[in-house]
Amino acid sequence: MAKQIEFFYDYLSPFSYLADTQLPAIARRTGAEILYRPILLGAIMKATGNSGPLPIQGKAGYNVADFQRWAKRYGVPAHFSPHFPFNTIRLLRAAIAAQRLGRFAEFHSTAFRAIWEHGQDLSKEEALCRLLRDVQIDPALIEGDDIKTELRANVDEAVSRGAFGAPTFFVNGEMFWGNDRLDFVEEALMRQA
């Protein structure tokens, strides 16, 4: 069986962005393939009774500081989005459309960088349409029922497998949550024959 990292992520998650900056190097070192699985973080949190950082006193500020610490450790540009929290449902549907059209690599990195490096608000129609045009994706494609169904299926699958947040990774059925678990992800891949 080929080595795989299933990466369940939402563009809303700053820690998904951080993980995304590190996964290609892990994949190269281990010979693993990354399976990108867009999920709607809010739907996962609702289904599991989890809460985001905003209602918890002190957690929101801590998350911003921790995001900056990790970005510095990874040596990647990062600026916490001034638009957080923002709606990513159409952006996640666009990711699925990009996967189907073979345009995912360009779309995905551009979307994460736009949000977490340049502070763009891709929940705004104009900004999202500009991104889609730049990567040659017809904005009408993201409204298809098959795209919506796939996003819901990703969420349902993630929850059924134990996910409660993002980023979530699966390696050979074992779940890891958070960008700070990437060492464990790599170790799990190295144990695979």
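Computed from a prediction, not measured in an experiment: that's the story for all the values here.

**Q** Looking at this structure, how should I read the overall build of the protein chain?
**A** Of the regular secondary structure elements, the protein chain holds eight helices and four strands. If you list the helices and strands of the protein chain from N to C, you get β-α-β-α-α-α-α-α-α-β-β-α. Relative to the globule expectation of 16 Å for 193 residues, the C-alpha radius of gyration of the protein chain, 16 Å, shows essentially globular dimensions. With the principal axes as the frame, the protein chain shows a C-alpha extent of 45 × 40 × 35 Å. For the protein chain, the proportion of contacts with a sequence separation of at least 24, taken over those separated by at least 6, is 76%. Split by element, the accessible area of the protein chain, about 9500 Å² in all, is 53% carbon and sulfur. Of the side chains in the protein chain, 22 bear a positive and 23 a negative charge, and the two mean positions are spaced by 3 Å.

**Q** Whenever I open this one, the packing of aromatic side chains confuses me. Can you help?
**A** Within a pair of aromatic rings, the relevant descriptors are the distance that separates the centres and the angle that separates the planes. If you walk through the whole model with that rule in mind, you get 22 aromatic pairs. When the ring of Phe164 is compared with that of Trp177, the centres are 5.0 Å apart and the planes differ by 50 degrees; the resulting orientation is tilted. With Phe164 in the loop between α7 (145-160) and β3 (168-171) and Trp177 in strand β4 (residues 174-177), this residue pair connects regions lying 13 residues apart in the sequence. For Phe164, a relative accessible area of 32% puts it in the partly exposed group. In this structure, Arg73 is placed above the aromatic ring of Trp70, and the distance from its NZ or CZ to the ring centre is 5.4 Å. Cation over ring: Arg161 sits above Phe170, and NZ or CZ is 3.9 Å from the ring centre.

**Q** Explanation requested: the sheet that holds strand β1 (residues 4-9) in the structure shown.
**A** Sheet strands associate in pairs through backbone hydrogen bonding, adopting either a parallel or an antiparallel arrangement. Strand order in this open sheet of four strands is β2-β1-β3-β4, and the pairing throughout is mixed. Sheet topology places β2 (33-38) and β4 at the edges, where each strand pairs with a single neighbour. Pairs of neighbouring strands in the sheet enclose a mean axial angle of 20 degrees, with direction left out of account. Here six bridges tie β1 to β2, and the two strands are oriented parallel to one another. When the bridges of β2 are listed, Phe7 appears paired with Tyr36. Along the sheet, helix α4 (residues 89-101) makes contact with β1 and β2, crossing β2 at roughly 140 degrees.

**Q** So what exactly am I meant to see when it comes to the pairing of β3 here?
**A** Side chains on a regular strand alternate between the two faces of the sheet. In β3, alternate side chains face the same way, and those of Thr168 and Phe170 on one face and Phe169 and Val171 on the other are all buried. As judged from the four bridges shared by β3 and β4, these two strands associate in the antiparallel manner. Across the sheet, the residue bridging to Val171 is Glu174, located in β4. Connecting β3 to the antiparallel partner β4 that follows it, the hairpin turn spans two residues, and Asn172 within it adopts a positive phi of roughly 50 degrees.

**Q** Is there a simple way to explain the nonpolar core in this structure?
**A** For soluble globular proteins, nonpolar side chains are generally found buried alongside one another. Counting 63 residues, the largest nonpolar core has Ile5, Tyr9, Tyr11, Leu18, Leu91, Phe107 and Phe169 as the members making the most contacts within it. Apart from residues no more than four positions distant in its own chain, Tyr9 is found in contact with Ser16, Tyr36, Arg37, Pro38, Ile39, Leu92, Ala95, Phe104, His108, Phe112 and Ala166.

**Q** When you look at the packing of α4 against helix α5 (residues 104-116) in this model, what are you seeing that I'm missing?
**A** Packed helices, taken two at a time, are described by the angle their axes make and the gap between the axes. Where α4 contacts α5, the two axes come as close as 8 Å, and the packing angle between them is 155 degrees. Relative to α5, α4 is oriented roughly antiparallel. Across the interface between the two elements, Leu91, Ala94, Ala95, Ala98 and Gln99 of α4 pack against Phe104, Phe107, Ala111 and Ile115 of α5.

**Q** How should unusual backbone geometry be read in this particular structure?
**A** With an omega of -5 degrees, the peptide bond between Phe84 and Pro85 qualifies as cis. Along the chain, the position of Pro85 falls in the loop between α3 (59-74) and α4. Going from Ala166 to Pro167, the amide bond is cis rather than trans, its omega being 5 degrees. Secondary-structure assignment places Pro167 in the loop between α7 and β3.

**Q** Explain helix α6 (residues 125-134) to me, please; I cannot follow it from the model alone.
**A** One turn of the α-helix equals 3.6 residues, which is why residues spaced by three or four share an orientation. Among all positions in α6, only Ala127, Leu128, Cys129, Leu131 and Leu132 are buried. Against α4 and α5 lie the buried residues of α6. Just past α6, the residue Gln136 takes up positive phi, approximately 60 degrees.

Analysis parameters
Residues numbered from 1 in each chain as written. Predicted model: local features only at pLDDT ≥ 70, side-chain atom pairs only at ≥ 80, totals over all residues. Heavy atoms only, no water. Helix = DSSP H or I, 4+ residues; strand = E, 2+ residues; numbered from the N terminus. Rg over C-alpha atoms; globule rule 2.2 N^0.38 Å. Contact = heavy atoms within 4.5 Å. Areas by Shrake-Rupley, 256 points an atom, 1.4 Å probe, with all protein chains shown as cover. Lys, Arg positive; Asp, Glu negative; His and termini not counted. Charge placed at Lys NZ, Arg CZ, Asp CG, Glu CD. Phe/Tyr/Trp six-rings, centres within 6.5 Å; stacked < 30°, edge-to-face > 60°. Buried < 20%, exposed > 50% of the residue type's maximum accessible area, 1.4 Å probe, protein only. Lys NZ or Arg CZ within 6 Å of the ring centre and 35° of its normal. Pairing = 2+ DSSP bridges. Axes fitted to C-alpha atoms, helices over the stretch in contact; angles between N-to-C directions. Core = buried A, V, L, I, M, F, W, Y, C linked by side-chain atoms within 4.5 Å. Parallel < 35°, antiparallel > 145°, perpendicular 65-115°, else oblique.

Read these as geometric descriptors, not functional statements.
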